[in-house]
Amino acid sequence: MTQHNNPQAEQMGDESMVRNLAAQAIAIWPQEEPLFERYRLSADCRILDVGCGTGEISSRLARLYPQSTVIAVDLLEDLLEIARDRYRDLAPRLEFRQQDAFKLEFEAHGFDLVVCRHMLQAVPRPIAVLAQLKRQLKPGGWLHMINEDYGMLHMQHGKMNPDRLWHAGVITLLENTGTDGRVGRNSFTMLHRLGMQDIHIDYIVLDTLRVERETFARIMQAWQDGFTKTIAENTALSEQEITDTFRQIVADILNPERYAVWHVPVISARAP
Ligand SMILES: C[S@@+](CC[C@H](N)C(=O)[O-])C[C@H]1O[C@@H](n2cnc3c(N)ncnc32)[C@H](O)[C@@H]1O
């Protein structure tokens, strides 16, 4: 069941993911943090972070709201151990627990803010998870998500065609393993169907002008290290094409003459 609800468990548990989450947080958080102002949270708010990984953002939220209580959950105990170890200075106000997003073990309607970042693309039946997240919110509480969409990464073409990697590679991999690589754009409809209110979609522009090239390149390098094998095993792309394309992407991002952008959707909505 655990594997079934986290089909990318192997990639999520790989050391490349730990590096990836660190680089993603450095790249994304400066543009994401101001978005939390919209929620007008009280100083002593209760926050739930679902699919927290190594706690990069759970810890940033605990620091942003110094009187808050933050409970962060993930299926993978190894990642939770890293998080507990790194952020012991924030305990017990920040707590990491092993739980499945499909069956969260809290009384309903106990949180002012529910956060779920970079997770929904990795689960089957994302609407079932969204229903769980909604259930955790107090009336009027906010849901804040980063739901990935692999059709929103744009790199210049060279010898290799990066669009093929994202579309025929990553989106097809997720389709073939039962999840949705376009869940970013599909989130609005699901939230609407669930009766969520005040739906907003903001975009973080993670590009070579706004983010350090080295940081952006570290994200792509970590994806190459963690995902090449599974893309090759589950799509028509060969390991050689995937490797060559990632190499070109990383080299381009590091090249001051070249440009690359990832539009990262930040999706928020209020519980009725
Ligand atoms: C890409 S990581 C994102 C980590 C963190 N939210 C961040 O933004 O840094 C996705 C996380 O979701 C977790 N996950 C996947 N399926 C899950 C499920 N059914 N229940 C709880 N966590 C899950 C994975 O184990 C992984 O740690």
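Shown above is the structure to which this text applies.
Note that the structure is a prediction, hence the values are computed from the model and not measured.

J.: Tell me what's going on with the site of the ligand, and back it up with residues and numbers.
T.: Contacts to the ligand come from 20 residues, most closely from Gly51, Asp74, Asp100, Ala101 and Arg117. A distance of 2.6 Å separates a nitrogen atom of the ligand from a polar atom in the backbone of Gly51. Here the ligand, which alone exposes 600 Å², has 98% of that area covered by the protein.

J.: Go over the layout of surface pockets, please, and point to the residues and values.
T.: Considering only enclosed or pocket space, the largest pocket measures out at about 250 Å³ in volume. Around the largest pocket sit 16 residues that line it, and Glu10, Gln11, Gly226, Lys229 and Thr230 are the ones nearest its centre. In terms of residue count, the dominant contributor to the lining of the largest pocket is helix α8 (residues 213-234) (6 residues). Residue classes in the lining of the largest pocket are distributed as 4 nonpolar, 7 polar and 5 charged.

J.: So what's going on with empty space enclosed by the protein? Which residues, and what values?
T.: Under the definition given, this model contains 2 cavities of 30 Å³ or more. Of the pockets and cavities examined, the largest cavity occupies roughly 470 Å³. The wall of the largest cavity is formed by 36 residues, among which Met12, Gly51, Asp74, Arg117 and His118 lie closest to the centre. Here the lining of the largest cavity takes 5 residues from helix α2 (residues 15-32), the largest share from any one element. Here the residues of the lining of the largest cavity are counted per class, giving 18 nonpolar, 12 polar and 6 charged. In this structure, the second largest cavity occupies an estimated 100 Å³ of space. Forming the boundary of the second largest cavity are Gln8, Tyr150, Trp166, Val170, Leu173, Leu174, Trp223, Phe227, Ile231 and Phe246. Taken together, the elements giving at least two residues each to the lining of the second largest cavity come down to α6 (162-176) and α8. In terms of residue class, the lining of the second largest cavity is made up of 9 nonpolar, 1 polar and no charged.

J.: Residue-level account of the pattern of salt bridges, with values.
T.: Opposite charge on two side chains lets them pair, provided their charged atoms get close. One pass over the structure, following the stated rule, counts 21 salt bridges. A salt bridge links Arg19 to Asp225, with the shortest nitrogen-to-oxygen separation between them at 3.0 Å. Taken together, the positions of Arg19 in helix α2 and Asp225 in helix α8 put the pair 206 residues apart, joining distant regions of the chain. Note that Glu77 is salt-bridged to Arg84, the shortest N-O span being 2.7 Å. What emerges from the salt-bridge pattern is a single network uniting Glu10, Lys229 and Glu233.

Procedures and definitions
- Residues numbered from 1 in each chain as written.
- Predicted model: local features only at pLDDT ≥ 70, side-chain atom pairs only at ≥ 80, totals over all residues.
- Heavy atoms only, no water.
- Near = heavy atom within 4 Å.
- Polar contact = N/O pair within 3.5 Å; in protein donor to acceptor, adjacent residues only side chain to side chain.
- Areas by Shrake-Rupley, 256 points an atom, 1.4 Å probe, with all protein chains shown as cover.
- 1 Å grid on protein atoms, 1.4 Å probe; cavity = no way out; pocket = protein on both sides within 12 Å on 5 of 7 lines; lining within 4 Å.
- Points joined across faces, edges and corners; volume = space filled by probe spheres on them.
- Helix = DSSP H or I, 4+ residues; strand = E, 2+ residues; numbered from the N terminus.
- Nonpolar A, V, L, I, M, F, W, Y, C, P; charged D, E, K, R; others polar.
- Salt bridge = Lys/Arg side-chain N within 4 Å of Asp/Glu carboxyl O.

No statement about biological role is implied by the geometric values presented.
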